[in-house]
Amino acid sequence: MTGITSHDPEKRLVLVSGRAHPELAAAVSLQLGSELVPTTAYDFANGEIYVRFGESVRGSDAFVLQSHAAPINVWIMEQLIMVDALKRASAKTITVIVPFYGYARQDKKHRGREPISARLMADLFKTAGADRLMSVDLHTSQIQGFFDGPVDHLMALPLLANYVRGRVDSSKLTVVSPDAGRVRLADQWADRLGAPLAIIHKRRDPTIPNQVKVHELVGQVKGRTCVIVDDMIDTAGTIVQAAEALFDNGAAEVIVASTHAVLSGPAVDRLKNSRITEVVVSDTLPIPDEHRFPKLTVLSIAPLIARAIREVFDDGSVTSLFDGQA
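**Student:** Please clarify how the overall build of the protein should be interpreted in this entry.
**Tutor:** Of the regular secondary structure elements, the protein holds eight helices and 15 strands. Taken over the C-alpha trace, the protein has a radius of gyration of 20 Å; the compact-globule value for 326 residues is 20 Å, and the two agree within 12%. Across its three principal axes, the protein shows a C-alpha extent of roughly 60 × 45 × 35 Å. Relative to its 326 residues, the protein shows a buried fraction of 51%. Of the accessible surface of the protein, which amounts to about 15,000 Å², a share of 49% is contributed by carbon and sulfur atoms.

**Student:** Teacher, can you tell me more about the pairing of strand β3 (residues 39-43) here?
**Tutor:** Side-chain positions along a regular strand alternate between the two faces of the sheet. Sheet analysis places β3 next to strand β4 (residues 49-53), joined by five bridges and oriented antiparallel. Within the sheet, the bridge partner assigned to D43 lies in β4 and is I49. Remark: five residues form the turn of the hairpin made by β3 and β4, two consecutive strands paired antiparallel; G47 in that turn has positive phi of roughly 100°.

**Student:** Is there a simple way to explain helix α6 (residues 237-248) in this structure?
**Tutor:** Residues separated by three or four positions in an α-helix point in the same direction, a consequence of the helix having 3.6 residues per turn. The end-to-end C-alpha distance of α6 is 16 Å, a good match for the 16 Å that 12 residues give at a rise of 1.5 Å each. The element α6 is extensively covered by neighbouring structure, given that nine of its 12 residues are classed as buried. Of all the residues in α6, the buried ones are G237, T238, I239, V240, A242, A243, A245, L246 and F247. The first or second residue beyond α6 is G250, which carries a positive phi of 95°.

**Student:** Help me out: how do you make sense of the environment of K87 in this one?
**Tutor:** On the secondary structure map, K87 appears in helix α2 (residues 72-88). In terms of polar contacts, K87 uses its side chain to reach the backbone carbonyl oxygen of A128, at 3.4 Å.

**Student:** Just checking my understanding: could you explain the nonpolar core for this structure?
**Tutor:** One recurring pattern in soluble globular proteins: nonpolar side chains tend to sit buried together. V28, L154, W189, I305 and I309 are the most contacted members of the largest nonpolar core, which has 45 residues in total. Ranked by residues supplied to this core, first place goes to helix α8 (residues 302-313) with eight residues. Setting aside residues up to four positions removed in sequence, I305 forms contacts with L24, V28, I97, P99, V136 and L154. Listed in part, the 32 residues of the second largest apolar core include V57, V83, V98 and M121.

**Student:** What exactly am I supposed to notice about the sheet that holds strand β6 (residues 93-98) here?
**Tutor:** Two orientations exist for strands paired in a sheet by backbone hydrogen bonds: parallel and antiparallel. Across the sheet, which stays open at both edges, the six strands sit in the order β1-β2-β5-β6-β7-β8 with mixed pairing between neighbours. Strand pairing shows two members of the sheet lacking a second neighbour, β1 (4-5) and β8 (151-154), which therefore form its edges. By the bridge criterion, two bridges tie β1 to strand β2 (residues 12-17) in an arrangement that is antiparallel. Paired with T5 across the two strands is R12, which belongs to β2. On the sheet, α8 packs against β1, β2, β5 (61-65), β6, β7 (132-136) and β8 and is oriented at approximately 155° with respect to β7.

**Student:** Would you take a moment to explain the layout of surface pockets for this structure?
**Tutor:** One way to see where empty space is left: roll a probe the size of a water molecule over the atoms. There is about 420 Å³ of room inside the second largest pocket. Along the walls of the second largest pocket sit 24 residues, with S141, H153, R184, L185 and Q188 positioned nearest its centre. Those elements that place two or more of their residues in the lining of the second largest pocket are α4 (157-167), α5 (183-193), β12 (225-233) and β13 (253-261). Among the elements that make up the lining of the second largest pocket, the one with the highest residue count is α5 (four residues). For the lining of the second largest pocket, the class distribution of residues is 10 nonpolar, nine polar and five charged.

**Student:** What is the right way to look at the pattern of salt bridges in this model?
**Tutor:** Pairing of side chains with opposite charge becomes possible as their charged atoms draw close. Tallied over the full model, the rule gives 19 salt bridges. Ionic pairing is found between D231 and R182, a salt bridge with its closest N-O pair at 3.5 Å. Separated by 49 residues along the polypeptide, D231 in strand β12 and R182 in the loop between β9 (173-177) and α5 bring together distant segments of the chain. For R182, a relative accessible area of 9% gives the class buried. With a closest N to O distance of 3.0 Å, D314 and R310 form a salt bridge. Given a relative accessible area of 30%, R310 falls into the partly exposed group. One continuous salt-bridge network, built from bridges that share partners, spans R19, D43 and E78.

The rules behind each value
Residues numbered from 1 in each chain as written. Predicted model: local features only at pLDDT ≥ 70, side-chain atom pairs only at ≥ 80, totals over all residues. Heavy atoms only, no water. Helix = DSSP H or I, 4+ residues; strand = E, 2+ residues; numbered from the N terminus. Rg over C-alpha atoms; globule rule 2.2 N^0.38 Å. Buried < 20%, exposed > 50% of the residue type's maximum accessible area, 1.4 Å probe, protein only. Areas by Shrake-Rupley, 256 points an atom, 1.4 Å probe, with all protein chains shown as cover. Pairing = 2+ DSSP bridges. Expected span 1.5 Å × (residues − 1). Polar contact = N/O pair within 3.5 Å; in protein donor to acceptor, adjacent residues only side chain to side chain. Core = buried A, V, L, I, M, F, W, Y, C linked by side-chain atoms within 4.5 Å. Contact = heavy atoms within 4.5 Å. Axes fitted to C-alpha atoms, helices over the stretch in contact; angles between N-to-C directions. 1 Å grid on protein atoms, 1.4 Å probe; cavity = no way out; pocket = protein on both sides within 12 Å on 5 of 7 lines; lining within 4 Å. Points joined across faces, edges and corners; volume = space filled by probe spheres on them. Nonpolar A, V, L, I, M, F, W, Y, C, P; charged D, E, K, R; others polar. Salt bridge = Lys/Arg side-chain N within 4 Å of Asp/Glu carboxyl O.

These figures capture arrangement, not role.
Here it is as structure tokens:
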């Protein structure tokens, strides 16, 4: 039987995974030292999803790993079905692990008659039977309040920042926020790296998604290596425009660091053909071979997720993984 049994014979950890990102699931299970629960999952001819676990999960602390990659709605539905199956199989607790939380950008109403889809996501998982939610770098921290239960908000900042520190002379480094919404994240980076902060001001037309216009730069970047930090790279329009604004203001080099490599549509071509030196991301989302390019560096998030799972199972402190900053 798979899983991890604690010193308390009544406790048993099981890790189950959907089909969205099998490489990450395998890496997490390896870090945990526990095999994934054998799972049968397939699609019916009309697109309906079937899931069944190959062994008993009764009384276990179950962790359901699924990253919301494209096609995003399919994998969200599969994870919901897996949670329902665990509930009906009498799992004691169910923790939903979503390294990339789908619909996170729809966290508030910009105009009338719009949904708050990030809240709907939390409601769906709660209704399905989830007791706890774990995610990496939510688009906004307020999403934690949408779920009626414990939320473990993991941060990729230490992983990414440590890589950048080993790559660049910190005395020549400037941390850059690509817009006003990422200032707090950039400030945390600046504190960690002991580097000054710069901010790019932009305006977005709410009626046209994925299109921005860079306006002005606040901060000194001339002759410096600039690190643009963001939570995700989707179409890369914001990132590439921000990089061009930095070069126009005399930056010597631009590195991009982001947790989630969504890389939709023209993103890969934009990044590959830009003057950006390196793009550093984590593997919270699967990155197929056709989306990889020489400038791209992918760091493994599996050790962080595995440590967080172990802390939750052992009634430890997830916050301790981030020096009390989470």
